[in-house]
Amino acid sequence: MTAAPRHYLDFERPIAELEAKIDELSKLSEAAGAGGMTGEMDAMRLRAGQLRREAYSNLDAWQKTQVARHPQRPHFVNYLDGLIDEFVELRGDRKFADDQSIVGGLGRFRGNAVVVMGHEKGADTASRVRHNFGMARPEGYRKAVRLMDMAEQFNLPVLTFVDTPGAYPGVGAEERGQSEAIARSTERGLTLGVPSIATVTGEGGSGGAIALAAANRVLILEHSIYSVISPEGCASILWRDGARAKDAAEAMKITAEDLIGLKIVDRIVLEPPGGAHSDPQGAIEAVGDAIEDELRKLSNLSPEQLRSQRADRFYAIGRAGLA
Amino acid sequence: MAKPPKDHAPKPAVAVAPAPAAMAPGAKPARGGWLAKFAPGVRNLVAKPASKAPPENLWIKDPDGGEMIYRPDLEEAWWVTPSGRHMRIRPKLRFEFTFDDGAYKELPTPTVVDDPLKFVDDRAYVERLKSARATTGETDAMALAHGKIGGVPVVVLVQDFAFMGGSLGMAAGEGFIAAAEAAVKRKAPLVIFTAAGGARMQEGALSLMQMARTTLAIQDLKKARLPYIVVLTDPTTGGVTASYAMLGDIHLAEPGAMIGFAGPRVIEETIRETLPPGFQRSEYLLEKGMVDRVVPRKDLPQVLGSILETLMIGRRSVAA
């Protein structure tokens, strides 16, 4: 993941310029074979780090949207690599096809046998196409239902990772019952008699997200977003101008901080300075620590307690604490 | 079934209110119009008053052929045009049509916090709410009542497209939960008539959460072995379809209703293809296995009554 050249977002331009200068100086200094510039370069590196920390401690909703979609942000397959041992992928919905927008299977999470699944967006052109940019078709949600059934049957906790622009809008998806597939996946999540923890690691886009996020605990990474419609979609409907996405992002209250206030999420996982893409391993470990902690808290609950905890959690949203 | 009293008839401006462009029903090809069957003289007689300022509400423009339809005829036909279009109707009229002898009792729906996010686009959300309430006379998009259908006591929930496109926000979600609770309390089935563009964006993720919350309420009906019947009406799209509208024990649909997850415009923009004719209409969903029956409006009470009676007989035999 770190081999690729760093991808800068618009608001990182001053940092990009400074880091470009540092690169240039370091090349010059190497060519000259002298260490004369080391002090200056160290100061510049310090300054770049400072700029990055400042920028990331004060991101607005639209900037967070860009960070949440950052191409180098850790994706589900990276969480699998970092957190799940002995992962065995299970494929197919047993009805029509296998949809690689949602990847899932069995594995061990820090000693716990689990069922794990998540949206995968892909990291290069080929894998993005294979994973359909994380936009699931009905088969993806039906595979999720199948895996949740299995989790219930064998008494395994369910860990889900949410990172999707939304469910795929296409003729075939509609034809095969996209709506029904999403509804059933949400329903299955809500009725599970085993512990379930959902983590929004990037974009939590609309119904395609909640289909995997109807869990006992919903965690969110600091710069992730979770919303009813993409800022662009909202802007094009309400302002009839997709370019007003920034305003829509602000208005819809899509950031982790907004959502914890509304009790839509239960816990924010802090990202490394500069965002998860600056230190993917650090971010993945932080997510793992939070999941481990939450899983421990749920481990003593009976199936009935888990169901009623989940029901209480969702019923409570919007009933208190709103001005 | 008794003809509904006049004062319950919707204002045509509301009944024919065009949907936002994104979900406007596909225009049917122009036709001669049903009046063409009559002598041209009759046609002129009918058309003339319309061109002058007609008495208010007496003539309704056919959304398909553009012909003027005599309002009492339309009322007699339960707001189904001569070409068979099932026009959108408001909750009170739906209750009149659905319950035996048009007799029912409305139940209150819970009040919720208005505008939890202090949402402002071109207009403040509170302003939009205020004007929707003024236009419709309702507080939000769900209306709840109980009565009998085919002799079976039943709770009926109607989603009101005239109220901000029927959109699913906290109020509609709480309305659904209240309906399920009322049904469980009365040991009665729940019938819902869905109509919505989708989630209410002005409530952000709080509206998204209604997909999960309504799904929970359906589980309470299941536990009580109470039938949950969905009647899909035009249009039912977005998060509404992707939650409670597709979780019924039985799905009925009115003819020609637009039903889908993504709107046709979004799909066309994504795949850059023209959509097949009849795509996302009730008949298409029937063919694809997503609805059990497409039922004309006038047949709905009888079909619903029969289904409910059968299911409740089965339920009694288990309880006994």
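Residues numbered from 1 in each chain as written. Chains lettered and ligands numbered in written order. Predicted model: local features only at pLDDT ≥ 70, side-chain atom pairs only at ≥ 80, totals over all residues. Heavy atoms only, no water.

Chemist: So what about the interface of chain B and chain A? Which residues, and what values?
Modeler: Listed as interface residues are 49 residues of chain B and, on the opposing side, 46 residues of chain A. For the pair chain B and chain A, the summed buried area comes to about 4,200 Å², and 71% of that belongs to carbon and sulfur atoms. Taken together, chain B and chain A are joined by 2 salt bridges. Residues glutamate 175 of chain A and lysine 288 of chain B are paired through a salt bridge, measuring 2.8 Å at the closest nitrogen-oxygen approach. The tally of links between chain B and chain A comes to 14 residue pairs in polar contact (both at pLDDT 80 or more). Listed by contribution, the elements that provide at least two residues to the side of chain B that touches chain A are helix 6 (170–186), helix 7 (204–223) and helix 8 (264–271) of chain B. When residues of the side of chain B that touches chain A are assigned to their parent elements, the largest contribution, 15 residues, is made by helix 7 of chain B. Tallied by class, residues from the side of chain B that touches chain A come to 29 nonpolar, 11 polar and 9 charged. (Contact = heavy atoms within 4.5 Å. Buried area = accessible area lost by both parts, 1.4 Å probe. Salt bridge = Lys/Arg side-chain N within 4 Å of Asp/Glu carboxyl O. Polar contact = N/O pair within 3.5 Å; in protein donor to acceptor, adjacent residues only side chain to side chain. Helix = DSSP H or I, 4+ residues; strand = E, 2+ residues; numbered from the N terminus. Nonpolar A, V, L, I, M, F, W, Y, C, P; charged D, E, K, R; others polar.)

Chemist: Requested: an account of the pairing of strand 3 (residues 112–119) of chain A, with residues and values cited.
Modeler: Residue and element names in this part refer to chain A. For strand 3, the tally of buried residues reaches 6 of 8 residues, placing the bulk of the element in the interior. Pairing of strand 2 (residues 102–109) with strand 3, which is carried by 8 bridges, proceeds in the antiparallel orientation. If you follow glycine 107 over to strand 3, its bridge partner there is valine 114. With antiparallel pairing between neighbouring strands as the criterion, strand 2 and strand 3 make up a hairpin whose turn holds 2 residues, including arginine 110 at a positive phi of roughly 45 degrees. Sheet topology note: the strand 3/strand 4 (residues 158–164) ladder contains 4 bridges and is parallel. When the sheet's bridge partners are listed, valine 116 is paired in strand 4 with leucine 159. (Buried < 20%, exposed > 50% of the residue type's maximum accessible area, 1.4 Å probe, protein only. Pairing = 2+ DSSP bridges.)

Chemist: Requested: an account of the packing of aromatic side chains, with residues and values cited.
Modeler: A complete count under the given rule lists 11 aromatic pairs over all chains for this structure. Through pairs of rings, three or more aromatic residues link up here, namely Phe76, Tyr79 and Phe161 of chain A. In this arrangement the basic side chain of arginine 313 of chain A is found over the ring face of phenylalanine 314 of chain A, its NZ or CZ atom lying 4.7 Å from the centre. It is arginine 88 of chain B that lies over the ring of phenylalanine 161 of chain B; its NZ or CZ is 4.5 Å from the centre. (Phe/Tyr/Trp six-rings, centres within 6.5 Å; stacked < 30°, edge-to-face > 60°. Lys NZ or Arg CZ within 6 Å of the ring centre and 35° of its normal.)

Chemist: Give me the lowdown on the domain arrangement of chain B, citing residues and values where you can.
Modeler: All names here are of chain B. Each domain of chain B was delimited in the assignment, giving domain 1 (55–85) and domain 2 (88–311). Distance from the C-alpha centre of domain 1 to the C-alpha centre of domain 2: 24 Å. Contact with domain 1, which involves 5 residues of that partner, is made by 6 residues of domain 2. Carbon and sulfur atoms make up 68% of the area that domain 1 and domain 2 hide from each other, which totals about 590 Å². It is Trp78, Trp79 and Val80 that lose the most area in domain 1 upon contact with domain 2, and together they represent 82% of the buried surface on that side. Run the count over domain 1 and domain 2 and you get 0 salt bridges. The tally of links between domain 1 and domain 2 comes to 3 residue pairs in polar contact (both at pLDDT 80 or more). (Domains from an automatic or database assignment.)

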